[in-house]
Amino acid sequence: QAPAQVAARLRGRFEEVFAKYAPQAAEKNVSWTEVLIMASLIEREAAKDDKHLVSGILWNRINDGMRLQVDATLQYIRGEEGNWWPVPTPEDKKLESPFNTYKYSGLPPHPIANPSLESIEAALNPQKTSCIYYLHDSDGEIHCSATYAGHLSNVQRHLK
């Protein structure tokens, strides 16, 4: 098939599957682009059972004017063939890129990954939470906190 035909088929399939979510985005006064970008962050940051909680935390950060500080965006910046999602380092937080959510507030310019339906649903239906910090321990279990002091305590308890 010609590239234009393949693109049209992909676009048609996307609209068929995802069109039902557009009205939800409009109801919540969030652009479809913002939903897809947030869903891509959730896709990379959360386990299946954590998606709605991570969504709630990330939207809390957006609503509070905080930087998102999402490690997956650092991985996106550094990714290359053979190692698309490298382990982030503290130095990566200084990288100059509009995708660096440690340096710049708001959502990155476009999605960093292909979001699943679960991630899109989570972006549209975040869990209500007072948490603005989170981490995953070595078993993949999520721990969140409403305060930075609580986050530091979680780091000491679960990552040291």
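Before reading further, recall that the structure is shown in the block above.
Keep in mind it's a predicted model, so treat the numbers as computed, not measured.

## A word on the pattern of salt bridges
Two side chains of opposite charge can pair, provided their charged atoms sit close to one another.
Stage number 1. What the rule picks out here adds up to six salt bridges.
Stage number 2. Put simply, glutamate 16 and arginine 13 hold a salt bridge, and the shortest N to O gap is 2.8 Å. Of the two residues, glutamate 16 and arginine 13 are both situated in helix 1 (residues 3-18); the distance of three residues between them amounts to about one turn of the helix.
Stage number 3. Between glutamate 118 and lysine 48 there is a salt bridge, with the nearest N and O atoms lying 3.9 Å from each other. In this pair, glutamate 118 sits in helix 6 (residues 117-124) while lysine 48 sits in the loop between helix 3 (32-45) and helix 4 (51-63), placing the two residues 70 residues apart along the sequence.
Stage number 4. Its relative accessible area of 35% is what places glutamate 118 among the partly exposed residues.

## A short note on unusual backbone geometry
Stage number 1. For asparagine 29, which is not a glycine, the phi torsion comes out positive at approximately 60°.
Stage number 2. Since its relative accessible area comes to 71%, asparagine 29 is described here as exposed.
Stage number 3. A positive phi angle, near 50°, is found at glutamine 69, a position not held by glycine.
Stage number 4. Here glutamine 69 lies in the loop between helix 4 and helix 5 (71-78).
Stage number 5. Classification of glutamine 69 by relative accessible area gives partly exposed; the value is 36%.

## Side note on the environment of tyrosine 76
Stage number 1. Within the element layout of this structure, tyrosine 76 appears in helix 5.
Stage number 2. Taking C-alpha positions, tyrosine 76 is 12 Å from glutamate 45, a pair spaced 31 residues apart along the chain.
Stage number 3. Filtering out sequence-adjacent residues up to four positions away, tyrosine 76 remains in contact with Trp85, Phe99, His110, Pro111 and Ile112.

## So, the packing of helix 3 against helix 5
Stage number 1. Viewed as axis vectors pointing N to C, helix 3 and helix 5 meet at an angle of 95°, and their least axial separation amounts to 9 Å. In terms of their interaxial angle, helix 3 and helix 5 are classed as roughly perpendicular. For the pair formed by helix 3 and helix 5, the contact residues are Leu41, Arg44 and Glu45 on the first element and Asp71, Ala72, Thr73 and Gln75 on the second.
Stage number 2. The residue inventory of the contact of helix 3 with helix 5, partitioned by class, reads two nonpolar, two polar and three charged.

## A look at the environment of glutamate 141
Stage number 1. Checked against the element boundaries, glutamate 141 lands in the loop between strand 1 (133-136) and strand 2 (142-145).
Stage number 2. For glutamate 141, a relative accessible area of 48% corresponds to the partly exposed category.
Stage number 3. When the C-alpha atoms of glutamate 141 and histidine 158 are compared, they prove to be 9.5 Å apart, with 17 residues separating the residues in sequence.
Stage number 4. Those residues within four positions of glutamate 141 in sequence are excluded, and the remaining contacts are Leu135 and His136.

## A word on the nonpolar core
Stage number 1. Val35, Met38, Leu41, Ile42, Leu58 and Ile120 are the most contacted members of the largest nonpolar core, which has 29 residues in total.
Stage number 2. Going through the elements one at a time, helix 1, helix 3, helix 4 and helix 6 are the ones with two or more residues in this core.
Stage number 3. The element best represented in this core is helix 3, accounting for six residues.
Stage number 4. When residues no more than four places from it in sequence are discounted, the contact partners of leucine 41 are Leu58, Leu68, Val70, Thr73, Leu107, Pro108 and Ile112.

Cut-offs applied
What you see as residue numbers is a count from 1 along each chain, following the sequence as written. Predicted model: local features are reported for residues with pLDDT of at least 70 only, side-chain atom pairs are reported and counted for 80 or more only, and whole-chain, interface and lining totals are derived from all residues. Only heavy atoms go into the side-chain values, all of them from the structure, while hydrogens and water stay out. Salt bridges are defined as contacts in which a side-chain nitrogen from Lys or Arg sits within 4 Å of a carboxyl oxygen from Asp or Glu. A run of H or I in DSSP counts as a helix once it spans at least four residues, and a run of E counts as a strand once it spans at least two, with each numbered from the N terminus. Residue exposure (1.4 Å probe, protein chains only): buried if accessible area is under 20% of the type maximum, exposed if over 50%, otherwise partly exposed. Throughout, a residue-residue contact means that at least one pair of heavy atoms, one from each residue, lies within 4.5 Å. For helices, the fitted line uses only the C-alpha atoms of the stretch in contact; every axis is such a line through C-alpha atoms, and the angle between N-to-C directions lies from 0 to 180 degrees. Any angle that is under 35 degrees is reported as roughly parallel, and any over 145 degrees as roughly antiparallel; angles of 65 to 115 degrees are reported as roughly perpendicular and all others as oblique. For this classification, the nonpolar set comprises Ala, Val, Leu, Ile, Met, Phe, Trp, Tyr, Cys and Pro, the charged set comprises Asp, Glu, Lys and Arg, and every other residue, Gly included, is treated as polar. What we call a nonpolar core is a set of buried Ala, Val, Leu, Ile, Met, Phe, Trp, Tyr and Cys residues that are connected through their side-chain atoms within 4.5 Å.

Nothing here speaks to function; it is geometry throughout.
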